[in-house]
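Secondary and tertiary structure notes
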Amino acid sequence: MLSYQHGYHAGNPADIHKHLTLIAVSQYLLRKEAAIHFFDTHAGKGLYSLHDDQAQKRQEYVTGVSETITHRKVLTAAAWQHYFAELDRLHKGCVSSASLAQYPGSPHWMSSLRRHHDRHTVFELHPGEHKALASLNKDHTGFVVHGDGLSGVVRMLPPKTPRLLILIDPAYELPQEYTDVATTVQDILKKSRHAVILVWYPLLPADKHLALCERLTKNIAAPVLQSEWVHKERISDWGMYGSGVLIVNPPWQLEQQLADIFQPFAKALGKPTEHRLKQFNSAN
Ligand code: SAM
């Protein structure tokens, strides 16, 4: 039974971390003309109202996208420029914290980057979320599949395009999902050794991500870059205090690019906000 709905969390600090990382990796891959197949295994509903009951219940976007807008002047890296240009386009003018009304999900961010000769496939399992996603214009979603994204992406590999970028962004509602994600990454690499894979995970006091990170940094031969964004103090026994993204086969110089994106934001927000990076299996 699926109960998670991303509308309660859209535009929160973890979304900012994930979407800026996705934009930075995509921008690097797009420097070359060769086509890319973009995959999004857990798409969500694609576009979120920040005025509806779900977003208003927890108002997580206030410490996320609203903060980015407040600090826009110091967020000047190319990924931020794309990010704000898209938010402006969506809001039909220069967006402010007061005019902010919608937040785009990962299918939209991928759509905003891909070119006409790239491919884009997204998976969503929740019937309601799938229906909402499928009702959007295909230009904002890519090709939408109603089904399990983990087995779905492996089935579609290797792609017909020379390159591929895969975002794996589960809700981790079930403990089993951590294991399933690690197994899926290993299966993807068996079929497409050069796949660039982004795996998002939450930072929780229970440290549930550690076994996943251990498996993906020690049990695979590919280089992995780990990016973690801590947005609040780890004080309680419950609740997410940050997020992580493991980038398998990271583009060259991504480490510096991510530092240029997130360090100015962390500095603007002040403590306890922190961005940390770590490389695994790197030849350097
Ligand atoms: N990637 C989205 C974004 O950044 O805007 C957010 C995705 S949200 C964290 C996770 C989504 O995965 C939910 O909409 C949930 O319904 C969906 N989901 C859960 N299990 C799934 C599965 N096995 N395959 C595909 N989608 C799944």
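Residues numbered from 1 in each chain as written. Predicted model: local features only at pLDDT ≥ 70, side-chain atom pairs only at ≥ 80, totals over all residues. Heavy atoms only, no water.

**Some points on the side chain of S66**
Structurally, the position occupied by S66 is in helix 3 (residues 65–70). Among all residues touching S66, those that are not within four sequence positions of it are Y61, S97 and L100. (Helix = DSSP H or I, 4+ residues; strand = E, 2+ residues; numbered from the N terminus. Contact = heavy atoms within 4.5 Å.)

**Quick look at the pattern of salt bridges**
What the rule picks out here adds up to eleven salt bridges. The partner of R234 in a salt bridge is D207, with the nearest N and O atoms 3.1 Å apart. Here R234, found in the loop between strand 8 (224–230) and strand 9 (242–248), pairs with D207, found in the loop between strand 7 (196–203) and helix 9 (209–218); they are 27 residues apart in sequence, far enough to count as distant. Residue classification places D207 among the partly exposed positions, given a relative accessible area of 25%. Beyond isolated ion pairs, a larger network of salt bridges with shared partners links D15, K18 and D169. (Salt bridge = Lys/Arg side-chain N within 4 Å of Asp/Glu carboxyl O. Buried < 20%, exposed > 50% of the residue type's maximum accessible area, 1.4 Å probe, protein only.)

**Re helix 6 (residues 127–134)**
Side chains of residues three or four places apart in an α-helix project in the same direction, reflecting 3.6 residues per turn. For helix 6, the complete set of buried residues consists of E129, H130 and L133. Along the axis of helix 6, the buried residues cluster in a sector spanning 100°; they form a single face. In helix 6, those exposed residues whose orientation departs by more than 90 degrees from the buried face are P127 and K131. Turning to helix 6, the residues buried within the fold contact helix 5 (106–113), strand 4 (119–124) and strand 5 (143–146). (Arc of directions from axis to C-beta.)

**Quick word on helix 10 (residues 254–269)**
The terminal C-alpha atoms of helix 10 lie 23 Å apart, and with 16 residues this matches the ideal 22 Å at 1.5 Å per residue to within 8%. Turning to helix 10, its buried residues number three or more, namely L254, L258, A259, I261, F262, F265 and A266. In this structure, the buried side of helix 10 is in contact with helix 1 (13–29), helix 3, helix 4 (78–90), strand 8, strand 9 and strand 10 (274–280). Of the residues trailing helix 10, G270 is marked for its positive phi of about 80°. (Expected span 1.5 Å × (residues − 1).)

**Regarding the packing of helix 1 against helix 4**
Contact geometry of helix 1 with helix 4 gives a least axis separation of 9 Å together with a crossing angle of 115°. Judged on the interaxial angle alone, helix 4 and helix 1 are roughly perpendicular. Considering only the axes of helix 1 and helix 4, their crossing is right-handed. Between helix 1, through I16, L20, I23, A24 and Q27, and helix 4, the contact on the second element is made entirely by A78, A79, W80, H82 and Y83. Here the residues of the contact of helix 1 with helix 4 are counted per class, giving eight nonpolar, two polar and no charged. (Axes fitted to C-alpha atoms, helices over the stretch in contact; angles between N-to-C directions. Parallel < 35°, antiparallel > 145°, perpendicular 65-115°, else oblique. Left-handed = near helix turned anticlockwise from the far one by under 90°. Nonpolar A, V, L, I, M, F, W, Y, C, P; charged D, E, K, R; others polar.)

**Section: the packing of aromatic side chains**
The geometry of an aromatic ring pair is captured by two quantities: the separation of the ring centres and the angle between the planes. Enumeration according to the criterion identifies eleven aromatic pairs in this entry. Ring geometry for Y83 against F84: centres 5.5 Å apart, planes inclined by 75°, an arrangement best described as edge-to-face. Taking relative accessible area as the criterion, Y83 reaches 0% and is therefore assigned buried. Under the relative-accessibility criterion, F84 is labelled buried at 3%. Aromatic pair W229 and F265: ring centres 5.4 Å apart, planes at 5°, arrangement stacked. Of this pair, W229 sits in strand 8 while F265 sits in helix 10; the two residues are 36 residues apart in sequence, bridging distant segments of the chain. The burial state of W229 is the same as that of F265; both residues are buried. Following the ring pairs from residue to residue traces out a cluster consisting of W80, Y83, F84, Y103, W109, W229, F262 and F265. Positioned above the aromatic ring of W200, the side-chain terminus of K18 is 5.7 Å from the ring centre. (Phe/Tyr/Trp six-rings, centres within 6.5 Å; stacked < 30°, edge-to-face > 60°. Lys NZ or Arg CZ within 6 Å of the ring centre and 35° of its normal.)

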